[in-house]
Amino acid sequence: SPSFRACRHGDKCSRVHRKPTESKTVLFRNMYASLAMYAHERPPSHSELQDHYEDFVEDVFEELSKYGEVLELNVCENTAEHLNGNVYARFGSTRAAEAALAALHGRYYFGRTIEGE
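Predicted model only: the values in this text are computed from it and were never measured. (Residues numbered from 1 in each chain as written. Predicted model: local features only at pLDDT ≥ 70, side-chain atom pairs only at ≥ 80, totals over all residues. Heavy atoms only, no water.)

## Description of the pattern of salt bridges
Applying the stated rule across the entire model yields 4 salt bridges. For the salt bridge of E63 with R107, the shortest nitrogen-to-oxygen distance reads 3.1 Å. Residue E63 is found in helix α1 (residues 46-64), and its partner R107 is found in the loop between α2 (94-104) and β4 (108-109); the two are separated by 44 residues along the sequence. Since its relative accessible area comes to 17%, E63 is described here as buried. In this structure R107 comes out as partly exposed when scored by relative accessible area, which is 36%. E72 is paired through a salt bridge with R90; the nearest N and O atoms lie 3.3 Å apart. Residue E72 is found in strand β2 (residues 70-75), and its partner R90 is found in strand β3 (residues 87-91); the two are separated by 18 residues along the sequence. Look at R90 and you get partly exposed, because its relative accessible area is 34%. Ionic contacts of the salt-bridge type, sharing partners, join the residues E63, K66 and R107 into one network. (Salt bridge = Lys/Arg side-chain N within 4 Å of Asp/Glu carboxyl O. Helix = DSSP H or I, 4+ residues; strand = E, 2+ residues; numbered from the N terminus. Buried < 20%, exposed > 50% of the residue type's maximum accessible area, 1.4 Å probe, protein only.)

This is how it looks when you write it as structure tokens:
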């Protein structure tokens, strides 16, 4: 089966990438948990999944907006383990991105520790 990777190195990717010293974009690893992951008795309906996702996006957008203008928010609901639940937030300034990273890294959301970079 084919292998799809976002890295320009493809299958030879070591997953050790150079990180910029400053950026307007912040990655919060494994922050989003789909309701489907926690449904043990019955699978959630499409509307329940959508409501859960929209509530999450609204909560996160509201929280991140405390630190500056949020230009873009991307939530990964991907089956690839290293991408699943990742949230990428692009801010209007590096100062806002740094403030959000400092404020949220190490906090808890939905029973998970927020890991930002």
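Don't stop here, the text continues.
## Points about the sheet that holds β3
In space, the 4 strands of this open sheet follow the order β2-β3-β1-β6, with antiparallel pairing throughout. Both edges of this open sheet fall to β2 and β6 (115-116), since each of them pairs with a single strand only. Direction of pairing for strand β1 (residues 25-29) relative to β3: antiparallel, over a ladder of 4 bridges. Along β3, the bridge assignment pairs T25 with R90. On the sheet, α1 packs against β1, β2 and β3 and is oriented at approximately 145° with respect to β2. Along the sheet, α2 contacts β1, β3 and β6; its crossing angle with β1, the most-contacted strand, is approximately 20°. (Pairing = 2+ DSSP bridges. Contact = heavy atoms within 4.5 Å. Axes fitted to C-alpha atoms, helices over the stretch in contact; angles between N-to-C directions.)

## What to know about a negative patch on the surface
Taken together, the side chains of D51, E54, D55, E58, D59 and E62 make up a negatively charged region of the molecular surface. Here E62 is to be found in helix α1. A relative accessible area of 54% means that E62 is categorised as exposed. (Patch = residues over 30% accessible without salt bridge, like charges linked within 9 Å, V, L, I, M, F, W, Y side chains within 5 Å. Areas by Shrake-Rupley, 256 points an atom, 1.4 Å probe, with all protein chains shown as cover. Lys, Arg positive; Asp, Glu negative; His and termini not counted. Charge placed at Lys NZ, Arg CZ, Asp CG, Glu CD.)

## Examining unusual backbone geometry
Of note, N30 is a non-glycine position whose phi angle comes to about 50°, a positive value. Mapped onto the fold, N30 is located in the loop between β1 and α1. Accessibility expressed as a relative area gives 40% for N30, which makes it partly exposed. With a phi angle near 55°, F110 is a residue other than glycine that sits in the positive phi range. With respect to the helices, strands and loops of the structure, F110 is situated in the loop between β4 and β5 (112-113). A relative accessible area of 46% places F110 in the partly exposed class.

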